[in-house]
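# Close look at the chain arrangement
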Amino acid sequence: MGLTIGVDIGGTKIAAGVVDEEGNILSTHKVPTPGTPEGIVDAISSAVEGARAGHDIVGVGIGAAGYVNRQRSEVYFAPNIHWRNEPLKQKVEARVGLPVVVENDANAAAWGEYKFGAGKGHRNVICITLGTGLGGGIIIGNKLRRGHFGVAAEFGHIRMVPDGLLCGCGSQGCWEQYASGRALVRYAKQRANATPENAELLLSLGDGTPEGIEGKHISMAARQGDRVAVDSYRELARWVGAGLADLASLFDPSAFIVGGGLSDEGELVLGPIRKSYKRWLVGGNWRPVAEVLAAQLGNKAGLVGAADLAREPDPIM
């Protein structure tokens, strides 16, 4: 179909990129993320116009953090932007004069990895993104599966612990409360407070108190063998692996792709996740075991995936 533009809506910036049919980004344009819903629509349009200069564009794909309808036109609900039944497709099309599709950002990232990254060669993959929260995407039979209403694969809000930790969604015990960047920092703070003698290096990287621990400190300390930092990653991996085992019982994929900021830690996090996954997988000693792969596209996955989905007349079932 030719060149399309993918849009990634971040907390501080909105990025638009021209992407070819092989997943290559030819040009990008970034603008600050405004503080109002209508301002964000204008900023998306501005980013698209900036990126499209000098290119013949056939469509736009927008990755939005929220529940998107099956028709890829409306955001039912976005937790970080006050969008409620927002007709985003209609508004952006009116501004840029191009066909627009709207996609959940985790689905867009999953599609990008499936088509152009770690999922190449697989027909059935499950993607999870481990960042501040936990997102995901389902590709079965080479198609992105979004459910009847379009809001499937909200893996982060599977209830792992009845009456567990309160989640920002309003429920309790959601998976992302135990398997995410926020959870990792919480584990480290709790352990450093309980046994500061095992966290000397970790504490020294911050302000010397458990409250001053940040994610980057945990990564640096774990790579140097800090006991609390290493144990915190193991606890995170225990919960991630247990969740993947449950997803394997539901979907039986050939591979899991782990993306998001935490996947940048490589084997520091992926090795323990594989071990936990095998530990909790029912019949794991006697059945084929899906690969657990690191995502390859990094923070480009959502933009590339959204652009490619703009070429698909209806890849969603």
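Residues numbered from 1 in each chain as written. Predicted model: local features only at pLDDT ≥ 70, side-chain atom pairs only at ≥ 80, totals over all residues. Heavy atoms only, no water.

Taking an unreviewed UniProt entry as the reference, the chain is identified by name as Glucokinase belonging to Streptomyces composti. Quoted verbatim from the Sequence similarities (unreviewed entry) field of the UniProt record, the comment on the chain reads "Belongs to the ROK (NagC/XylR) family." (UniProt positions renumbered as here; feature names shortened; annotations may be inferred.)

The next point concerns the overall build of the chain. Per the secondary structure count, the chain includes nine helices and 13 strands. On the principal axes, the C-alpha backbone points of the chain span a range of 60 × 50 × 35 Å. The buried share among the 317 residues of the chain stands at 51%. Counting every atom, the chain has about 13,900 Å² of accessible surface; 51% of that belongs to carbon and sulfur. Looking at charge distribution, the chain has the averaged site of its 32 positive side-chain charges lying 4 Å from that of its 34 negative ones. (Helix = DSSP H or I, 4+ residues; strand = E, 2+ residues; numbered from the N terminus. Buried < 20%, exposed > 50% of the residue type's maximum accessible area, 1.4 Å probe, protein only. Areas by Shrake-Rupley, 256 points an atom, 1.4 Å probe, with all protein chains shown as cover. Lys, Arg positive; Asp, Glu negative; His and termini not counted. Charge placed at Lys NZ, Arg CZ, Asp CG, Glu CD.)

In sheet architecture, strand pairing relies on hydrogen bonds along the backbone and comes in two forms, parallel and antiparallel. Pairing is mixed across the open sheet formed by five strands, whose spatial order is β11-β10-β9-β12-β13. Only two strands of the sheet have a single partner each, and these edge strands are β11 (143-144) and β13 (291-294). Both strand β9 (residues 125-130) and strand β10 (residues 134-140) contribute to a ladder of six bridges, which runs antiparallel. From the neighbouring strand, Ile-126 faces β10, where its bridge partner is Ile-138. Contacts from helix α7 (residues 227-251) reach β9, β10, β12 (255-259) and β13, with the element oriented near 155° to β9. (Pairing = 2+ DSSP bridges. Contact = heavy atoms within 4.5 Å. Axes fitted to C-alpha atoms, helices over the stretch in contact; angles between N-to-C directions.)

Here the focus is the packing of aromatic side chains. In this description, an aromatic ring pair is defined by two values, namely the gap between the centres and the angle between the planes. Under the counting rule described, the total for this entry stands at five aromatic pairs. A centroid spacing of 5.4 Å and a plane angle of 75° characterise the contact between Phe-256 and Tyr-277, whose relative ring orientation is edge-to-face. Of this pair, Phe-256 sits in strand β12 while Tyr-277 sits in helix α8 (residues 267-280); the two residues are 21 residues apart in sequence, bridging distant segments of the chain. Look at Phe-256 and you get buried, because its relative accessible area is 1%. Above the plane of the ring of Tyr-178 lies Arg-186, whose end atom (NZ or CZ) is 6.0 Å from the centre. Residue placement shows Arg-279 over the ring face of Trp-280; its charged tip is 4.0 Å from the ring centre. (Phe/Tyr/Trp six-rings, centres within 6.5 Å; stacked < 30°, edge-to-face > 60°. Lys NZ or Arg CZ within 6 Å of the ring centre and 35° of its normal.)

As a further point, take the environment of Glu-312. Structurally, the position occupied by Glu-312 is in the segment after α9 (301-309). For the pair formed by Glu-312 and Arg-279, sequence separation is 33 residues and the distance between their alpha carbons is 38 Å. Other than its neighbours up to four places away in sequence, Glu-312 contacts Arg-72, Trp-111 and Lys-115.

Moving on, we get to the packing of helix α6 (residues 215-223) against α7. Helix-helix packing is characterised by the crossing angle of the two axes and by the distance between the axes. Put simply, α6 and α7 touch, their axes get as near as 7 Å, and they point 110° apart. Considering the angle they form, α6 stands roughly perpendicular to α7. Seen from α6, the contacting residues are Ile-218, Ser-219, Ala-221 and Ala-222; seen from α7, they are Ala-229, Val-230 and Tyr-233. In terms of residue class, the contact of α6 with α7 is made up of six nonpolar, one polar and no charged. (Parallel < 35°, antiparallel > 145°, perpendicular 65-115°, else oblique. Nonpolar A, V, L, I, M, F, W, Y, C, P; charged D, E, K, R; others polar.)

Below, the discussion takes up the pairing of strand β6 (residues 75-78). Note that strand β5 (residues 67-68) and β6 share two bridges and pair antiparallel. Of the residues in β6, the one forming a bridge with Tyr-67 is Phe-77. The turn linking β5 back onto β6 is made up of six residues, and Arg-72 within it adopts a positive phi angle of 60°. Across three bridges, the pairing between β6 and strand β7 (residues 83-86) is antiparallel. Pairing of Val-75 across the sheet is with Glu-86, part of β7. Remark: four residues form the turn of the hairpin made by β6 and β7, two consecutive strands paired antiparallel.

What follows deals with helix α4 (residues 181-194). Between its first and last C-alpha, α4 extends 20 Å over 14 residues, near the 20 Å set by a 1.5 Å rise per residue. Burial in α4 covers these residues: Gly-181, Ala-183, Leu-184, Val-185, Tyr-187, Ala-188 and Ala-192. On its buried face, α4 sits against α5 (200-204), α6 and α7. (Expected span 1.5 Å × (residues − 1).)

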